[in-house]
Amino acid sequence: MKENKFEDIYEVVKLIPSGRACSYGIIAEFLGSKRGARLVGWAMNALQNRIDVPAHRVVNRNGFLSGKAAFETPTSMQERLEEEGLIIIEDQIQDFEKILWNPNKELI
DNA sequence: AGACTGACTGGGA
DNA sequence: GTCCCAGCCAGTC
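These numbers come from a predicted model, not from an experiment.

Enquirer: Break down the packing of helix α1 (residues 5-14) against helix α2 (residues 24-31) for me, citing the residues and quoting the values.
Expert: Packed helices, taken two at a time, are described by their axes: the angle between them and the distance between them. In contact at an axis separation of 10 Å, α1 and α2 are set at 120 degrees when each is read in the N-to-C sense. Accordingly, the angle class assigned to the pair α1 and α2 is oblique. Seen from above, α1 lies across α2 with right-handed handedness. For the pair α1 and α2, contact is made by Lys 5, Asp 8, Ile 9, Val 12 and Val 13 and by Ile 27, Phe 30 and Leu 31, respectively.

Shown next, in the form of structure tokens:
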């Protein structure tokens, strides 16, 4: 029941638990499009002001806050992540692989 | 209507 | 280990 791929992306992002982060590629792979990571980013951009979807928990594979510019303020993304207990230094999530959330493994 | 770009990733050289 | 290329979907020019 996939009306739009965007809806699926939002569903997955909403499933990301607090204090955790996810990468575009993982979400894209979860949806079946391994190379559709760019679509995930595109979907996030479509959200813009939608806080229903924790887009701040979605970062690139390197753990960098590549999409921070899409938030109201470039620091809003980092602020929210820090509120959840994550450590952000120079727009990069520390211990990213430790807080990385894999829907394919944890959401079985 | 055709082509390019974009919050990305993986593989090959 | 680092750099370059190809692929994905949707929106915009």
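Having seen the model, we can carry on.
Enquirer: Kindly report on α2, identifying the contributing residues and their values.
Expert: Residues of α2 that are buried include every one of Tyr 24, Ile 26, Ile 27, Ala 28 and Leu 31, and no others. Packed against the buried residues of α2 are α1, β1 (22-23), α3 (37-47), β2 (58-59) and α6 (103-106). Taken from the residues just after α2, Gly 32 is the one with a positive phi, measuring 110 degrees.

Enquirer: Could you give an account of the packing of aromatic side chains, naming the residues involved and the relevant values?
Expert: This structure, assessed with the given rule, holds one aromatic pair. An angle of 80 degrees between the planes, with centres 6.2 Å apart, marks the rings of Phe 6 and Tyr 10 as edge-to-face. Of this pair, Phe 6 and Tyr 10 are both found in helix α1, four residues apart, which corresponds to roughly one turn of the helix.

Enquirer: So what's going on with the environment of Ile 93? Residues and values would help.
Expert: Of note, Ile 93 is situated in strand β4 (residues 92-93). Sequence separation between Ile 93 and Phe 64 is 29 residues; the distance between their C-alpha atoms is 6.2 Å. Filtering out sequence-adjacent residues up to four positions away, Ile 93 remains in contact with Ala 21, Val 59, Gly 63, Leu 65, Leu 81, Ile 87, Ile 88 and Ile 99.

Enquirer: An account of the layout of surface pockets is needed here, citing residue identities and associated values.
Expert: The calculated volume of the largest pocket comes to roughly 250 Å³. Taken together, the elements giving at least two residues each to the lining of the largest pocket come down to α3 and α4 (76-83). Of the residues forming the lining of the largest pocket, the biggest block, four residues, is contributed by α3. Residue composition of the lining of the largest pocket, by class: ten nonpolar, seven polar and three charged.

Enquirer: Tell me about the nonpolar core, and please be specific about residues and values.
Expert: Ranked by size, the top nonpolar core spans 31 residues in total, and within it Ile 9, Val 13, Ile 27, Met 44, Val 58 and Ile 93 carry the most contacts. Broken down by secondary-structure element, the contributors of at least two residues to this core are α1, α2, α3, β2, α4 and α5 (96-99). In terms of residues, this core owes the most to one element, α2, which gives five residues. Setting aside residues up to four positions removed in sequence, Ile 27 forms contacts with Ile 9, Val 12, Val 13, Cys 22, Val 40 and Val 58.

Enquirer: Summarise the protein's contact with DNA strand B; cite the residues concerned and give the values.
Expert: Among the 19 residues in the neighbourhood of DNA strand B, the closest are listed as Tyr 24, Arg 38, Trp 42, Arg 61 and Gly 67. A breakdown of the atoms of DNA strand B within 4 Å of the protein gives sugar and phosphate a share of 40%. The contact in question runs from a base nitrogen of DNA strand B to an N or O atom on the backbone of Met 44, over 3.1 Å. Listing elements by their share of the surface near DNA strand B, those giving two or more residues are α2 and α3. Among the elements that line the surface near DNA strand B, the one with the most residues is α3, at six residues. Broken down by class, the residue content of the surface near DNA strand B amounts to eight nonpolar, seven polar and four charged.

Cut-offs used in this document
- Residues numbered from 1 in each chain as written.
- Chains lettered and ligands numbered in written order.
- Predicted model: local features only at pLDDT ≥ 70, side-chain atom pairs only at ≥ 80, totals over all residues.
- Heavy atoms only, no water.
- Axes fitted to C-alpha atoms, helices over the stretch in contact; angles between N-to-C directions.
- Helix = DSSP H or I, 4+ residues; strand = E, 2+ residues; numbered from the N terminus.
- Parallel < 35°, antiparallel > 145°, perpendicular 65-115°, else oblique.
- Left-handed = near helix turned anticlockwise from the far one by under 90°.
- Contact = heavy atoms within 4.5 Å.
- Buried < 20%, exposed > 50% of the residue type's maximum accessible area, 1.4 Å probe, protein only.
- Phe/Tyr/Trp six-rings, centres within 6.5 Å; stacked < 30°, edge-to-face > 60°.
- 1 Å grid on protein atoms, 1.4 Å probe; cavity = no way out; pocket = protein on both sides within 12 Å on 5 of 7 lines; lining within 4 Å.
- Points joined across faces, edges and corners; volume = space filled by probe spheres on them.
- Nonpolar A, V, L, I, M, F, W, Y, C, P; charged D, E, K, R; others polar.
- Core = buried A, V, L, I, M, F, W, Y, C linked by side-chain atoms within 4.5 Å.
- Near = heavy atom within 4 Å.
- Polar contact = N/O pair within 3.5 Å; in protein donor to acceptor, adjacent residues only side chain to side chain.

Function cannot be inferred from these measures alone, as they are strictly geometric.
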